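The chain contents come next:
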Amino acid sequence: HARKRIVVCFRGSITANDWLTDVNMIGGEIPNPLAAEDDQQPKMLKLHKGFRDYLYGDAPSILPEPLQKIQRGLPSALSGNKEKTTEKNKIEIIMEQVQAIMEEHPDYRLYVTGHSLGGALSVLASLEAAARFGEKNRPVTCVAVANPRVGDEGFQRAIQTLEQQGRLRCLVVHNHLDMVPWRPDTVFSCTSCRQHTFEQQGLQLTLYKKEYETHYFSDHESWMARTSRRLNHQIMTLLCCVRMAEQHNYREYLNRLMAQKDALRTVFLNDLYKNQNIEF
């Protein structure tokens, strides 16, 4: 309340099902929430299937399996179910809860965040939230930490459209040599195969031990620059493979943020968007 913020936070991978979500990459897509307002946008956005299913798939029952079987065998009047209805998925439930809070606090701003799997889900949820609630003078802010890539070039362009309109600000925070934010990926990103690759979104804050740098992920980046940057990261990651887990751990992220907190306190996301040579 002191900062007048509404914060939606997604946790990282904990359970076995979370890890299955992480590796289930192929074949996911969602309706583009911008398609209705912009006929230049594709109708569907291709993305990581695990992340898609986590938020847009059928909502799981909270009952244990034995009770689910009993419930399915009861008449609808006894089981408490009305006529066959479509069960809301997680993203609809979250958006409804967010909308209710925003209506109660119309001067509050919406932030969405998470680490690792949670970071990927925060990017996906931010697209939906910004399309629904984002305004030029009150954008949705996404702060994704150690997030893997969510979608393809079409998904990236949908994010960029919202950024260009001032309805979304997306910051992805990555440790140097953390390999997770570069996955799923291919080393070579030629024009003919880019439609089949995953892309990062937003403005990247790269954390080193004692310094940081920023970079905007633009689809206008040249083939040479894109391939060189990715190949360099792949090589450095392989050379430091014994420290992969450490680089991705949230404690290492926290340590680096705390080590540079005085410098980072002078950095503002809106200023980064203004000062960066960004081509939407």
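In this numbering scheme, every chain counts its residues from 1 along its sequence in written order. pLDDT decides what is reported in this predicted model: residues at 70 or higher carry local features, side-chain atom pairs at 80 or more are listed and counted, and totals for whole chains, interfaces and linings draw on all residues regardless. Computation of side-chain values: all heavy atoms of the structure, hydrogens and water removed.

Asks: Could you clarify how one ought to interpret the overall build of the protein in this entry?
Replies: Helix and strand counts for the protein stand at twelve helices and eight strands. We call a residue buried when its accessible area falls under 20% of the maximum for its residue type, exposed when it is over 50%, and partly exposed in between, using a 1.4 Å probe and counting protein chains only. Looking at the protein as a whole, 46% of its 280 residues qualify as buried. Two residues qualify as a contact provided that any one of their heavy atoms is within 4.5 Å of a heavy atom in the partner residue. Sequence separation of at least 24 residues holds for 79% of the intrachain contacts in the protein that already meet a minimum separation of 6. What sets the accessible areas is the Shrake-Rupley method with a 1.4 Å probe; for residues, cover comes only from the shown protein chains. When the accessible surface of the protein is totalled, it reaches about 15,600 Å², and 56% of it is carbon and sulfur. Only DSSP runs of H or I reaching four residues or more are called helices, and only runs of E reaching two or more are called strands; each is numbered from the N terminus.

Asks: What's the story with the environment of Glu128 in this structure? I'm lost.
Replies: By the secondary structure assignment, Glu128 is in helix α6 (residues 117–133). Separated by 95 residues in sequence, Glu128 and Pro33 have C-alpha atoms that sit 6.5 Å apart. In contact with Glu128, not counting residues within four places along its chain, are Pro33, Tyr56, Ile91 and Met95.

Asks: Sorry if this is basic, but what is going on with unusual backbone geometry here?
Replies: Among all residues except glycine, the phi angle is most often negative; among peptide bonds, the trans geometry is most common. Even without being glycine, Ser116 reaches a positive phi, approximately 60 degrees. Looking at the secondary structure, you find Ser116 in the loop between β4 (109–115) and α6. Its relative accessible area of 10% is what places Ser116 among the buried residues. In this structure, Leu177 is a non-glycine residue whose phi angle is positive, near 80 degrees. Turning to its location among the elements, Leu177 is positioned in the loop between β6 (168–175) and β7 (203–207).

Asks: Help me understand the confidence of the model for the protein, please; the structure alone is not making it clear to me.
Replies: In low-pLDDT regions, the fine details of the predicted coordinates are not to be read closely. Per-residue pLDDT for the protein has a mean of 80; in total, 70% of the residues score no lower than 70. This model gives residues 187–195 a pLDDT under 50, and the stretch forms 19 contacts once residues within four places in sequence are excluded. Scored between 0 and 100, pLDDT is the confidence that the predictor attaches to each residue.

Asks: How do you make sense of the layout of surface pockets when you look at a structure like this?
Replies: In this structure, the largest pocket occupies an estimated 990 Å³ of space. Lining the largest pocket we find 25 residues, and of these Arg5, Tyr111, Val143, Leu171 and Val267 sit closest to its centre. For the lining of the largest pocket, the secondary structure elements donating two or more residues are β1 (5–10), β4, β5 (140–145), β6, α11 (261–264) and α12 (269–275). Residues that form the lining of the largest pocket fall into these classes: 15 nonpolar, three polar and seven charged. Cavities and pockets were defined on a 1 Å grid built from protein atoms only: a cavity is a group of points that admits a 1.4 Å probe but offers it no way out, a pocket is an open group of points flanked by protein on both sides within 12 Å along at least five of seven lines, and a lining residue is one with an atom within 4 Å of any such point. Grid points are joined across faces, edges and corners, and a volume is the space filled by probe spheres set on the points. Gly falls in the polar group here, along with every residue not listed as nonpolar (Ala, Val, Leu, Ile, Met, Phe, Trp, Tyr, Cys, Pro) or charged (Asp, Glu, Lys, Arg).

Asks: Explanation requested: the sheet that holds β1 in the structure shown.
Replies: To summarise the sheet geometry, strands pair through backbone hydrogen bonds and adopt either a parallel or an antiparallel arrangement. One open sheet holds the six strands; their spatial order is β1-β4-β5-β6-β7-β8, and the pairing between them is mixed. What marks the edges here is a single partner per strand, and that holds for β1 and β8 (212–216). Across the sheet, the mean angle separating the axes of adjacent strands is 20 degrees when strand polarity is ignored. As judged from the five bridges shared by β7 and β8, these two strands associate in the antiparallel manner. Its bridge partner being in β8, Thr206 is matched across the sheet by Glu213. Axis geometry follows a simple rule: fit a line to the C-alpha atoms, using only the stretch in contact for helices, then measure angles between N-to-C directions, giving values from 0 to 180 degrees. The sheet contacts of helix α5 (residues 90–104) involve β1 and β4, and relative to β1 the element is tilted by about 165 degrees. Packed on one face of the sheet, α6 meets β1, β4, β5 and β6 and runs near 160 degrees to β4. When DSSP finds at least two bridges between two strands, those strands are taken to pair.

Asks: How should the packing of α6 against helix α7 (residues 153–164) be read in this particular structure?
Replies: Where α6 contacts α7, the two axes come as close as 10 Å, and the packing angle between them is 45 degrees. Of the possible angle classes, the one that applies to α6 and α7 is oblique. Considering only the axes of α6 and α7, their crossing is left-handed. Two secondary-structure elements touch here, α6 through Val123, Leu124, Leu127, Ala130 and Ala131 and α7 through Phe155, Ala158, Ile159 and Leu162. Oblique is the label for any angle not covered by the other classes, which are roughly parallel (under 35 degrees), roughly antiparallel (over 145) and roughly perpendicular (65 to 115). Here a crossing is called left-handed whenever its near helix is offset anticlockwise from the far helix by less than a right angle, and right-handed whenever the offset is clockwise.

Asks: Where do I start with the environment of Thr214 in this structure?
Replies: Relative to the helices and strands, Thr214 is located in strand β8. Taking the C-alpha atoms as reference points, Thr214 and Leu203, separated by eleven residues in sequence, lie 6.9 Å from one another.

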